[in-house]
Amino acid sequence: MEATGRISTEQPLKAMVPWKERISYGLSDTACNLAFQVISTYLMFFYTDVYGLSAAAVGTLFLVARVIDAFDGPIIGIFIDRTNTRWGKSRPFFLWFAVPFGLMCVLTFTTPGFDDAGKLAWAYITYILVGILYSCVNLPITSILPSLTNNPQERTVLGTIRQFGGTLGQIIVTVFTLPIVAALGKGDDQKGFFLTILIFSIVAVVLLLNTFFNTKERIENRQKVVRVKDSIQAIKRNWPWAIMILMNFIYWMAMTMKNQTTIYFFKYNLGREDLVPMIMALAFGSLLTLLMTPAVAGRLGKRNTMVGGLVLAIIGQAVMGIGAYSLSVPIIIVGVVINAFGTGFISGLLSVMLADTVDYGEWKSGVRAQGLLTSASSFGAKFGMGIGGAMTAGILAAGGYQANKVQSTSALHAIEFNFIWIPIVGFAIAAIALMFYKADKQEKMYLVELAERNAKLKSEE
């Protein structure tokens, strides 16, 4: 152990994390979801049914904004790799960007009295900026994980706690947002959404600052500042990383299309908008499988556990499709629960398997580029969210969707297609891609080799 309290990467499988720090780490994702989940779940509905933008305009906005925003991930990752402070590389970003992120979330749901062109311009500016600032506080959650511990099982535990916290934030948002909007707005949805996001954003800022103060980067990167050209070396021949980026893209595209049309499906296809909070609450099912993830992954392997989660998600979507055909709410509820069980396994391992690619990249190239490698997941996720949002809006527009009116048969089919069938295709493609992920079987071997290599380099210094 060095005087700084950090451990270098030649000490494998030993770095454990105290419970206070585990919980503080998990609360960082609670913070991000409390604020940003309102945007990813309700912003399309807010834009079309509250702010008055057309579905076609929103679709173009989502595509353009997310494509632009997708490129901020690698840039921020490079900044993380080049950061060298007494707090570490990733931790300072929680301190620097928590307040700006919370403020921009509030501005995104602010409705200035502009004309149609002004409204659209405001939406573009705030939506792009909130995405960039989200990356500034969310990417460090993933990039800091390889620095918290180099113990694979401990990383799985931390990843599970993180996703438990993130799912908890997501559930709070999806279950309570509309009731809080109704209670605070008293019939004025513009006012209700503004006050709701204000509350969530304040809590998010506090939780992000808590993560900064109560976490520690133990695993020291031998390169204090990682140059861009060196970071790129860590990508070469790093096939596990490429597969996880593809996985992030496909998974978040499918989930975005599903989540954004939940309220449309229950409002227009079933005529039961009142069920939305209850349906969202069923996401609690994912918490059960999240808690099981470390044990299941330890037995079956991380890849196989995630593939199993995708299969469960597909089965859940198919059951929901049967319920939609028969207009049976009980069958749809069963499908939602099965789907939630599946996504619990998936979300519990996404960041963990991506963090593992940092070690794999260092083993292959000798460069530990945790900022660039983990931040690239933001590119995949945001690009997927952007494509998913644009496809959702485009399909709704093509189906003839009109806000707050009785929908045509084609519009109802468009909503159902987004909510049920496209996610099935996405989950299936993701499962196939994961079959080529082989790092699980090599993990112990390359960690030992990496430790021996680093020990030798240190002894030669």
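The name given to the protein in an unreviewed UniProt entry is MFS transporter, with the source organism recorded as Listeria rustica. Under Subcellular location (unreviewed entry), UniProt gives the following word-for-word description of the protein: "Cell membrane".

Caption draft 1: Structural context of the overall build of the protein. For the protein, the count of helices and strands is 18 helices and two strands. Computed over C-alpha atoms, the radius of gyration of the protein comes to 22 Å, within 12% of the 23 Å expected from 2.2 N^0.38 for 461 residues, which places it in the range of a compact globule. Along the longest, intermediate and shortest principal axes, the C-alpha atoms of the protein span 75 × 45 × 35 Å. Of all intrachain contacts in the protein linking residues separated by at least 6 positions in sequence, the fraction that spans at least 24 positions is 85%. Summed over all atoms, the accessible surface of the protein reaches about 17400 Å², with 69% contributed by carbon and sulfur. Of the charged side chains in the protein, 38 are positive and 28 negative; the average position of the first set lies 4 Å away from that of the second.

Caption draft 2: Up close: helix α1 (residues 19-51). In the structure, α1 departs most strongly from a straight axis at Tyr42, where the bend amounts to approximately 60 degrees. Along α1, 29 of the 33 residues are buried, which leaves the element largely enclosed by surrounding structure. With its phi angle positive at about 90 degrees, Gly52 sits one or two positions after the end of α1.

Caption draft 3: Molecular detail of the pattern of salt bridges. One pass over the full model with this rule turns up seven salt bridges. A salt bridge links Asp49 to Lys267; the shortest N-O distance between them is 3.3 Å. Residue Asp49 is found in helix α1, and its partner Lys267 is found in helix α11 (residues 262-269); the two are separated by 218 residues along the sequence. One network of salt bridges, with partners in common, ties together Arg155, Lys302 and Asp356.

Caption draft 4: Here's a closer look at helix α17 (residues 409-434). Taking 1.5 Å per residue, 26 residues should reach 38 Å; α17 reaches 37 Å between its end C-alpha atoms and fits that length. Approximately 45 degrees is the largest bend angle found in α17, and it occurs at Phe417.

Caption draft 5: Looking closely at the domain arrangement of the protein. Taken as a whole, the protein is organised into domain 1 (19-218) and domain 2 (227-450). The C-alpha centroid of domain 2 is placed 18 Å from the C-alpha centroid of domain 1. Each partner contributes residues to the interface: domain 1 has 56 residues there, and domain 2 has 60 residues. Both faces combined, the contact of domain 1 with domain 2 buries some 4700 Å², and carbon together with sulfur accounts for 69% of it. Linking domain 1 with domain 2 are two salt bridges. Residue Arg155 is joined to Asp356 by a salt bridge in which the shortest nitrogen-to-oxygen separation is 3.6 Å. Our count for the domain 1 to domain 2 interface comes out at four residue pairs in polar contact (both at pLDDT 80 or more). The set of elements that each furnish at least two residues to the side of domain 1 that touches domain 2 consists of α1, α2 (55-70), α3 (72-82), α5 (116-143), α6 (145-148) and α7 (152-185). A total of 17 residues in the side of domain 1 that touches domain 2 trace back to one element, the largest contributor, which is α7.

Caption draft 6: Layout of the packing of aromatic side chains. Applying the stated criterion across every chain yields a total of 25 aromatic pairs. Ring geometry for Tyr251 versus Phe427: centroids 6.0 Å apart, planes at 35 degrees, classification tilted. Placement of the pair is Tyr251 in helix α10 (residues 239-260) and Phe427 in helix α17, with a sequence separation of 176 residues. Tyr251 sits in the buried class, given a relative accessible area of 3%. Looking at Phe427, the relative accessible area reads 0%, which means it is buried. Linked through ring pairs, Tyr42, Phe46, Tyr47, Tyr51, Phe62, Phe109, Tyr127 and Phe193 together constitute an aromatic cluster. Over the ring of Tyr51 we find Lys119, and its NZ or CZ is 5.3 Å from the ring centre.

Caption draft 7: Representation of the environment of Ile68 in the model. Mapped onto the fold, Ile68 is located in helix α2. Here the alpha-carbon distance between Ile68 and Ile132, two residues 64 residues apart in the chain, equals 9.4 Å.

Caption draft 8: Seen up close, the nonpolar core. Judged by nonpolar contacts, the single largest core of 80 residues is most densely connected at Tyr47, Phe101, Tyr127, Phe193, Tyr264, Phe265 and Phe266. If you tally residues by element for this core, the top one is α1, at 16 residues. Other than its neighbours up to four places away in sequence, Phe193 contacts Tyr42, Phe45, Phe46, Val50, Phe109, Thr177, Leu178 and Val181. By size, the runner-up hydrophobic cluster in this structure holds 34 residues, among which are Ala234, Tyr251, Met306 and Val307.

Caption draft 9: Here's a closer look at the side chain of Thr48. Mapped onto the elements, Thr48 comes out in helix α1. Within polar-contact distance, the side chain of Thr48 engages the backbone oxygen of Phe45 at 3.4 Å. Among all residues touching Thr48, those that are not within four sequence positions of it are Leu53, Ser54, Ala55, Val58, Tyr264, Tyr401 and Ala403.

Caption draft 10: Here's a closer look at unusual backbone geometry. Even without being glycine, Lys186 reaches a positive phi, approximately 50 degrees. With respect to the secondary-structure elements, Lys186 resides in the loop between α7 and α8 (189-214). Residue Leu327 is not a glycine yet carries a positive backbone phi of 55 degrees. Note that Leu327 resides in the loop between α14 (302-326) and α15 (329-365).

Thresholds, definitions, all that
Counting restarts for each chain: residues are numbered from 1 in the order of the written sequence. In keeping with the model being predicted, local features are shown solely for residues with a pLDDT of at least 70 and side-chain atom pairs are shown and tallied solely at 80 or more, while totals for entire chains, interfaces and linings include all residues. Computation of side-chain values covers all heavy atoms of the structure but excludes hydrogens and water. UniProt positions are given in the numbering used here, feature names are shortened, and annotations may be inferred rather than shown by experiment. A helix here means a DSSP run of H or I that spans at least four residues, while a strand means a run of E at least two residues long, and both kinds are numbered starting from the N terminus. All radius of gyration figures rest on C-alpha atoms, and the globule criterion is 2.2 Å times the number of residues raised to 0.38. A contact between two residues is defined here by any heavy atoms of the two lying within 4.5 Å. Method for areas: the Shrake-Rupley scheme with a 1.4 Å probe, in which residue coverage is limited to the protein chains shown. The positive count covers Lys and Arg only, the negative count covers Asp and Glu only, and His and the chain ends enter neither. Charged groups are reduced to one reference atom each: NZ for lysine, CZ for arginine, CG for aspartic acid, CD for glutamic acid. What we call the bend at a residue is the angle made by axes fitted to the seven residues finishing there and the seven residues starting there. Here the term buried applies to any residue with accessible area under 20% of the maximum for its type, exposed to any over 50%, and partly exposed to those in between, with areas from a 1.4 Å probe on protein chains only. In what follows, salt bridge is the name for a side-chain nitrogen of Lys or Arg lying within 4 Å of a carboxyl oxygen of Asp or Glu. Multiplying one less than the number of residues by 1.5 Å gives the expected span of a helix. Where each domain starts and ends comes from a domain assignment, either automatic or drawn from a database. Using a 1.4 Å probe, buried area is obtained as the accessible area two parts lose upon being combined, added over both of them. Under the rule applied, a polar contact is a pair of N or O atoms within 3.5 Å (in protein, one hydrogen donor and one hydrogen acceptor; residues adjacent in sequence only if both atoms are side-chain atoms). Pairing of aromatic rings covers Phe, Tyr and Trp, the last through its six-membered ring, and needs centres within 6.5 Å; plane angles under 30 degrees mean stacked, over 60 mean edge-to-face, and all others mean tilted. Think of it as a cone above the ring: NZ of Lys or CZ of Arg counts as a charge over the ring if it is within 6 Å of the ring centre and within 35 degrees of the ring normal. Buried residues of nine kinds, namely Ala, Val, Leu, Ile, Met, Phe, Trp, Tyr and Cys, make up a nonpolar core once their side-chain atoms join them within 4.5 Å.

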